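# Architecture and fold: a report
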Amino acid sequence: MFEIVFLGTSASAPSIRRGLPSAVVLHNEQRFMVDCGEGTQRQLLQSGLGFKRLDKILLTHGHLDHILGLAGLLSTLMRWETLEQFTIFGGRSALERVEDLIYRIVLRDAKTAVKLHFTEVKPGQLFEDRSFELSAFSVTHRGSGNFGYLFREKSHRPFLADQAEALGVPFGPERKHLVAGKSIVLADGRVIQPDEVLGPLVEGTTFAMVGDAARIDNLIDPIYGADALVIESTYLNVEAELAQAYGHLTATQAAQLAREAGVQQLILTHVSRRYPERDVLAEARTIFPRTVVARDFDHYRIMKDKALLRVIDTPAEEESYVSA
Ligand SMILES: [Zn+2]
Ligand SMILES: [Zn+2]
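So, here is what we can say about the structure in this document.

Parameters at a glance
Residues numbered from 1 in each chain as written. Chains lettered and ligands numbered in written order. Predicted model: local features only at pLDDT ≥ 70, side-chain atom pairs only at ≥ 80, totals over all residues. Heavy atoms only, no water. Donors = N, O, S within 2.8 Å, 3.2 Å for Na, K, Ca; no water. Tetrahedral: all angles 85-135°; square planar, octahedral: opposite > 155°, others 65-115°. Salt bridge = Lys/Arg side-chain N within 4 Å of Asp/Glu carboxyl O. Helix = DSSP H or I, 4+ residues; strand = E, 2+ residues; numbered from the N terminus. Buried < 20%, exposed > 50% of the residue type's maximum accessible area, 1.4 Å probe, protein only. Core = buried A, V, L, I, M, F, W, Y, C linked by side-chain atoms within 4.5 Å. Contact = heavy atoms within 4.5 Å. Phe/Tyr/Trp six-rings, centres within 6.5 Å; stacked < 30°, edge-to-face > 60°. Lys NZ or Arg CZ within 6 Å of the ring centre and 35° of its normal.

Turning to the coordination of the zinc ion (ligand 2), a few remarks are in order. Expected angles at a metal are 109.5 degrees for tetrahedral coordination by four donors and either 90 or 180 degrees for octahedral coordination by six donors. Those protein atoms acting as donors to the zinc ion (ligand 2) are His-61 (NE2), His-63 (ND1), His-141 (NE2) and Asp-212 (OD), and they sit at 2.2 to 2.3 Å. What the four donor atoms of the zinc ion (ligand 2) show is an angle range of 88 to 172° at the metal, which sorts the shape as irregular. Site description for the zinc ion (ligand 2): donor spacing in sequence, H-x1-H-x77-H-x70-D. A gap of 3.5 Å separates the zinc ion (ligand 2) and the zinc ion (ligand 1), which Asp-212 links by coordinating each metal.

Written as structure tokens, this is what we have:
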């Protein structure tokens with residue numbers, strides 16, 4: 001299962017109800033911020049997520065509406081020094097711009113105790129832990145070094161606690177061994193095989209996030225079969241020429257991509273003030289009915305073979321610092 005909290009869902013400039021692009025993807029203890037438009041740190045507080053465990057950001061590209069919030073967010077994080085390190089993942093050109101922003105504008109000659117890591121993204125795997133992996137794929141937009149991100153949970157065989165109990169498997173390292181696929185010998189000499197206590201293989205959830213994009217044909221393969229796709233939808237089809245001129249997608253194109261890539265759910269974001277939200281939704285739904293348009297602070301749960309779940313009333317976590 002993955003969760004996503006949208007912090008900003010507007011294209012290019014904020015509107016009264018929508019901040020500039022940013023979202024946080026949650027998986028177990030891990031948090032990944034994706035893009036950080038101006039004003040994101042306040043959105044983060046208002047969302048209830050706070051700054052806790054926020055130590056990684058994935059940049060889709062280096063346009064200002066996606067990165068300017070990093071100046072404010074990092075200056076807060078560095079000043080309070082509650083964080084040991086912060087890693088920024090992005091294409092070469094996005095990282096160069098962010099490095100200028102941080103080192104030339106925010107820090108200048110000042111030193112910070114926070115270790116900043118800039119990790120250049122290339123297509124392929126970026127991060128892996130016990131339960132999931134994160135990979136990047138190229139996206140066409142204005143300029144070079146634009147990326148989308150795919151979060152994929154590893155498939156696993158659930159541990160059948162009742163079965164283990166019935167066989168007399170004690171709590172502790174024996175269970176860990178069985179989960180790791182190794183047989184164990186009990187105190188009475190009986191050998192227990194992993195197959196006796198592990199259920200059938202459960203496939204993991206796959207979740208794709210694409211920022212700004214000018215084409216959909218080269219995105220079908222990387223996101224194929226995802227349980228959910230988040231993608232920009234800046235224009236409507238009536239202004240398809242403008243979309244093309246600025247390297248953006250229409251709601252129609254986003255919906256066509258979802259259909260052709262066989263994804264389960266489509267979540268549109270990066271929407272323009274030029275159109276009412278209902279028009280964006282209606283255009284996409286004629287092609288791909290399982291579409292929603294994200295709003296700021298929307299919180300969704302994405303699970304394999306389950307409908308997209310909107311989480312209401314997220315319990316606000318306590319903030320990770322007390323005062324300046
Ligand atoms: Zn943008
Ligand atoms: Zn852009």
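Turning our attention to the pattern of salt bridges. Here the structure, examined in full by the defined rule, presents 17 salt bridges. One salt bridge in this structure joins Arg-157 and Asp-195, with 3.0 Å as the shortest N-O distance. Residue Arg-157 is found in the loop between β9 (147-153) and α5 (161-167), and its partner Asp-195 is found in the loop between β11 (191-192) and β12 (206-209); the two are separated by 38 residues along the sequence. For Arg-157, a relative accessible area of 33% gives the class partly exposed. A relative accessible area of 56% means that Asp-195 is categorised as exposed. Among the ionic pairs, Asp-188 bridges to Arg-190, the shortest N-O distance being 3.0 Å. Since its relative accessible area comes to 38%, Arg-190 is described here as partly exposed.

Time to look at the nonpolar core. By size, the foremost hydrophobic cluster in this structure holds 34 residues, and its most contacted members are Leu-229, Ile-231 and Leu-257. Sorting the residues of this core by element identifies α7 (220-223), β13 (228-232), α9 (251-260), β14 (266-269) and α10 (277-287) as the ones contributing at least two each. In terms of residue count, α9 provides more of this core than any other element does, five residues in total. If near-sequence neighbours (up to four positions away) are discounted, Leu-257 is found in contact with Ile-216, Leu-219, Ile-220, Ile-223, Leu-229 and Ile-231.

This brings us to the packing of aromatic side chains. The way to describe two aromatic rings as a pair is by their centre distance and the angle between their planes. Tallied over the full model, the rule gives 11 aromatic pairs. Consider the rings of Phe-127 and Phe-132, whose centres lie 5.9 Å apart with planes at 40°: the pair is tilted. For the pair Phe-127 and Phe-132, a shared accessibility class is recorded, and that class is buried. The structure contains a cluster of three or more aromatic residues connected by ring pairs, namely Phe-2, Phe-32, Phe-127, Phe-132, Phe-151 and Phe-207. If you follow Lys-56 out to its NZ or CZ, it ends over the ring of Phe-32, 5.0 Å from the centre. When the ring centre of Phe-171 is taken as origin, the NZ or CZ atom of Arg-175, which lies over that ring, is 4.0 Å away.

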